[in-house]
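Analysis of the macromolecular model
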Amino acid sequence: MAAPKTTPSPEPKPAPCPVCKGSGEVSRTVQVGRKRRTVGRQTGFCLNCLGSGEAPAD
Ligand SMILES: [Zn+2]
């Protein structure tokens, strides 16, 4: 009995996180002083997807 070959169904791709665009990291400007002078940029992990790059299910 030959079993019919079934093509494995592709797993649905998780939607990329809208905040970090799927990179898992977000860059934010670092500002100092009362004048909020921008001194540089800092890369931190995305708090929306917790660095996974995938949009949270809920
Ligand atoms: Zn994210």
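As a reminder, the structure under discussion sits directly above these lines.
Residues numbered from 1 in each chain as written. Predicted model: local features only at pLDDT ≥ 70, side-chain atom pairs only at ≥ 80, totals over all residues. Heavy atoms only, no water.

Some remarks on the environment of Val39
Locating Val39 in the fold gives a position in strand β2 (residues 37-45). Relative accessible area serves as the criterion here: at 47%, Val39 is assigned to the partly exposed category. Residues Val39 and Thr29 lie ten residues apart in sequence; the distance between their C-alpha atoms is 7.5 Å. Excluding residues within four positions of it along the chain, Val39 makes contact with Val30 and Val32. (Helix = DSSP H or I, 4+ residues; strand = E, 2+ residues; numbered from the N terminus. Buried < 20%, exposed > 50% of the residue type's maximum accessible area, 1.4 Å probe, protein only. Contact = heavy atoms within 4.5 Å.)

A few points about the coordination of the zinc ion
Every protein donor of the zinc ion is listed here as Cys17 (SG), Cys20 (SG), Cys46 (SG) and Cys49 (SG), and their distances to the metal cover 2.3 Å. Around the zinc ion sit four donor atoms; with metal-centred angles ranging over 104 to 116 degrees, the donor geometry is tetrahedral. Here the donor residues for the zinc ion map to a single chain with the spacing C-x2-C-x25-C-x2-C. With Cys20 in the segment before β1 (25-32) and Cys49 in the segment after β2, this pair connects stretches of sequence that are 29 residues apart. Judged by its relative accessible area of 5%, Cys20 falls in the buried class. Residue class for Cys49 comes out buried when judged on its relative accessible area of 7%. (Donors = N, O, S within 2.8 Å, 3.2 Å for Na, K, Ca; no water. Tetrahedral: all angles 85-135°; square planar, octahedral: opposite > 155°, others 65-115°.)

Don't take any of this as a statement about function, it's just geometry.
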